[in-house]
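These are the residues of each chain, in order.
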Amino acid sequence: MKKSENFANCIQNSFDIAFKQQSFIIFKDFNQIISSLNEESFEFEQTNKIIDSDLDSFFFYVRRNVANGLRKSKLASFRNLDLEEKCKFINSSFQNSALFKAIDKLKWHSNDLAAESCENLPIRTVWIPDFHDGPRVDLSSTLVYLGQNSILAGRKLYSSPYPDALKMSKITKQLSKYTSRYNTIHSPNLVDSDAKENYDFYKKSSDFKSVDIVICSFPAAFCEAFIPLNKTIIFNPAHRYNMGKCSQRKWLKFNENYEKLNKKSKLIVSAMSRYDLEYHTHFVDYKPLYRLFAYGGFYARGIKFNPIRDEILVGPSNGMGAGGKEILNSIRQQTSEFKFAKIREIYPRYSLEQLANHRAIVIFPYAVMSYSIIDFYISNIPIFVPSINLMNEYKMASDRTINSSLYCQKEKDFEDINPTGHGYFHHFSPNDNSDLAYRYWLAYADYFIWPHVTVFDSAKDLIHKLKATNFKQISDKMKLYNKIREASLLDNWCRILKKVEPIQPIPESFEKSLEYFNLKNIY
């Protein structure tokens, strides 16, 4: 056998090993295998990039799907090995690990994880006061699938892009003035009288009487006013956990409330994306134990990839990130073989079934996580996205920091609570707009974490990859990976539901509740 064939076989074996391990631990807490990164030696390579060897692509695949980085610089002797020797060295390291042996011995499969965790599952009642369409339908449909009582308690009531999915949950009209007033990503100028009004209202609410859990995602800070009601609170940010905390005083007070809840075992912290999980750990100094990552599979059931239309879609549907228009114009100028069409040009209103009639979608992200991109992935539509380096040229995905124009940029008194940037887990602040920090943090975006997303470096590179891509094969791989995402999500939810105490009593007064939590005030 030729040496190149040996190397190719070794690379394939590497992918098999990596996929087996990542399917087991992708949503678990695996700090023990994460090294602190040295920004001088860390390489920001993208999968599918045409570079000197496939080994670098393999390294990136492992970095984004299994851990947070294999640092070549840590292996002094490693640099001197040829490609085949490097490959065998890595495979051997994986195969000799305790984790790999445990998985191999147990003959573990991702579906077994959820099945084991969800046995003898208690029924809990979960209050969802969010006003963002994505978390409302995603959280509620997942809970209904698990046989839980889901109550949608936000001001949007029955309004949703997926009204049929909402019908599976109870929608309450018993809304406090606080809930009705909180209708923007920025909290109004809240004071403790708002939290007291919320407490007084829901203490008497017949729908709230049976609630065990309150979960808030967009914004996560919405849940602060529910602290005095003594329910288990899940802070599960979909966009930056401190959204709306545009002064250092408000932000630090929010963190203090976190800690007081945690000391009373009333706090569960998760996140709806890997980016938001890592963002949280940078500022709070502990890693969430759970991963309720956005999924979409329970409101988007039965979507089949059926590419009967010629157009390559361009998204996201609600606007492209900076530089997207310029790059798209360059792509169109360089090819007549592919027809590119923005989603809203074809479908002013669309269904996921319609999108799945297209063979691929090119996205120019405005955010590190968005439900439109979640919907594309759960629909198994092959996704093409600019590389980190290309996105960095335009500072695409501006919706990633708390000090962006979408959030706190206009606030005169905004100040990062960690201006040095050095946290316990990360060397840069996510609010740092330098090239190095931007590239570092962007690597946690959903589309760089998920496998089977094709990355391109230029218009020419995209056209080349579109010509070479087997769209059906990629779609099939996405479908398999979505099964892992589902199993991991269900495992996390089932462990949470078993942990939560049923119907915790509401304290007799707002003041007594603050005293119980050792809080002088909420805001």
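Remember, it's a predicted structure, so these values are computed and weren't measured experimentally.

Caption draft 1: Expanded view of the pattern of salt bridges. Throughout the structure, instances matching the rule amount to 17 salt bridges. Here Arg301 and Glu486 are joined by a salt bridge, their closest N and O atoms 3.0 Å apart. You can see Arg301 sitting in the loop between helix 11 (274–284) and strand 7 (312–315) and its partner Glu486 sitting in helix 20 (residues 471–499), a full 185 residues away along the chain. A relative accessible area of 45% means that Arg301 is categorised as partly exposed. Under the relative-accessibility criterion, Glu486 is labelled buried at 15%.

Caption draft 2: Seen up close, the packing of helix 12 (residues 324–334) against helix 19 (residues 459–468). For the pair helix 12 and helix 19, the least separation of the axes is 9 Å and the interaxial angle reads 55°. Judged by the angle between their axes, helix 12 and helix 19 are oblique. Here helix 12 and helix 19 pass one another in a crossing that is right-handed. Of helix 19, the residues touching helix 12 (which contributes Ser330, Ile331 and Gln334) are Ala459, Lys460, Leu462 and Ile463. Per-class residue counts for the contact of helix 12 with helix 19 are four nonpolar, two polar and one charged.

Caption draft 3: Looking closely at the state of the cysteines. If you walk through the whole model with that rule in mind, you get two disulfides. Across a sulfur-sulfur distance of 1.9 Å, Cys118 and Cys494 are joined as a disulfide pair. One disulfide, between Cys118 and Cys494, carries an S-S torsion of 90° and so falls in the right-handed class. Of this pair, Cys118 sits in the loop between helix 5 (110–117) and strand 1 (125–128) while Cys494 sits in helix 20, and the two are 376 residues apart along the sequence. Take Cys118: its relative accessible area is 22%, and that puts it in the partly exposed class. Judged by relative accessible area, which is 0%, Cys494 ranks as buried. The disulfide partner of Cys216 is Cys223, and the gap between their sulfur atoms is 2.1 Å. Here Cys216 and Cys223 share a disulfide; its torsion about the S-S bond, 85°, makes the bridge right-handed.

Caption draft 4: Just the side chain of Ser475, in detail. As for its placement among the helices and strands, Ser475 is situated in helix 20. By relative accessible area, Ser475 is classed as buried at 3%. If near-sequence neighbours (up to four positions away) are discounted, Ser475 is found in contact with Phe305, Asn380 and Pro382.

Caption draft 5: A look at the sheet that holds strand 3 (residues 170–171). If you trace the six strands from one edge of the open sheet to the other, you get 3-2-1-4-5-6, paired in parallel fashion. Unpaired on one side and paired on the other, strand 3 and strand 6 (267–269) mark the two borders of the sheet.

Caption draft 6: Inspection of the confidence of the model for the chain at higher detail. When pLDDT is averaged across the chain, the result is 80; 73% of the residues are at 70 or more. At the level of individual helices and strands, the chain shows its lowest average pLDDT in helix 2 (residues 54–65), which scores 39, and its highest in strand 9 (residues 361–363), which scores 98. Counting interchain partners and residues more than four positions distant, the pLDDT-below-50 stretch residues 22–76 has 137 contacts. Scored below 50 in pLDDT, residues 106–110 shows eight contacts in the model against residues more than four places distant or in partner chains.

Caption draft 7: Representation of the environment of Ile233 within the structure. Its place among the elements puts Ile233 in strand 5 (residues 232–235). Residues Ile233 and Ile213 lie 20 residues apart in sequence; the distance between their C-alpha atoms is 5.8 Å. Residues contacting Ile233, with those up to four places away along its chain left out, are Val214, Cys223, Phe226, Ile227, Leu261, Lys266, Leu267 and Ile268.

Caption draft 8: Representation of the pairing of strand 2 (residues 149–152). Where strand 1 lies against strand 2, four bridges are found, and the strand directions are parallel. When the bridges of strand 2 are listed, Val126 appears paired with Ser150. In terms of strand pairing, strand 2 meets strand 3 through two bridges, oriented parallel. Its bridge partner being in strand 3, Ile151 is matched across the sheet by Lys170.

Caption draft 9: The arrangement of the nonpolar core in detail. Judged by nonpolar contacts, the single largest core of 141 residues is most densely connected at Phe226, Leu442, Tyr447 and Trp493. Sort the elements by how many residues they give to this core and helix 20 lands first, with 11 residues. Setting aside residues up to four positions removed in sequence, Trp493 forms contacts with Leu139, Thr142, Leu143, Leu146, Ile215, Ile234 and Leu292.

Caption draft 10: Looking closely at the environment of Asn380. When you line up the elements, Asn380 lands in the loop between helix 15 (371–378) and strand 10 (383–386). Taking the C-alpha atoms as reference points, Asn380 and Arg359, separated by 21 residues in sequence, lie 9.9 Å from one another. With residues near it in sequence (within four places) discarded, Asn380 still touches Ile303, Phe305, Ser475, Met478, Lys479 and Asn482. A polar atom in the side chain of Asn380 sits 3.3 Å from the backbone nitrogen of Lys479. Of note is the side chain of Asn380, whose polar atom sits 2.8 Å from the side chain of Asn482.

Caption draft 11: Representation of the sheet that holds strand 9 within the structure. Strand order in this open sheet of five strands is 8-7-9-10-11, and the pairing throughout is parallel. Two strands lie at the open edges of the sheet, namely strand 8 (340–342) and strand 11 (454–456), each paired on one side alone. Mean inter-strand twist for the sheet, computed between neighbouring axes without regard to direction, equals 30°. Bridge count between strand 9 and strand 10: two bridges; the pairing is parallel. From the neighbouring strand, Val362 faces strand 10, where its bridge partner is Phe384.

Criteria and thresholds
Residues numbered from 1 in each chain as written. Predicted model: local features only at pLDDT ≥ 70, side-chain atom pairs only at ≥ 80, totals over all residues. Heavy atoms only, no water. Salt bridge = Lys/Arg side-chain N within 4 Å of Asp/Glu carboxyl O. Helix = DSSP H or I, 4+ residues; strand = E, 2+ residues; numbered from the N terminus. Buried < 20%, exposed > 50% of the residue type's maximum accessible area, 1.4 Å probe, protein only. Axes fitted to C-alpha atoms, helices over the stretch in contact; angles between N-to-C directions. Parallel < 35°, antiparallel > 145°, perpendicular 65-115°, else oblique. Left-handed = near helix turned anticlockwise from the far one by under 90°. Contact = heavy atoms within 4.5 Å. Nonpolar A, V, L, I, M, F, W, Y, C, P; charged D, E, K, R; others polar. Disulfide = S-S within 2.5 Å. Pairing = 2+ DSSP bridges. pLDDT = per-residue confidence, 0-100. Core = buried A, V, L, I, M, F, W, Y, C linked by side-chain atoms within 4.5 Å. Polar contact = N/O pair within 3.5 Å; in protein donor to acceptor, adjacent residues only side chain to side chain.

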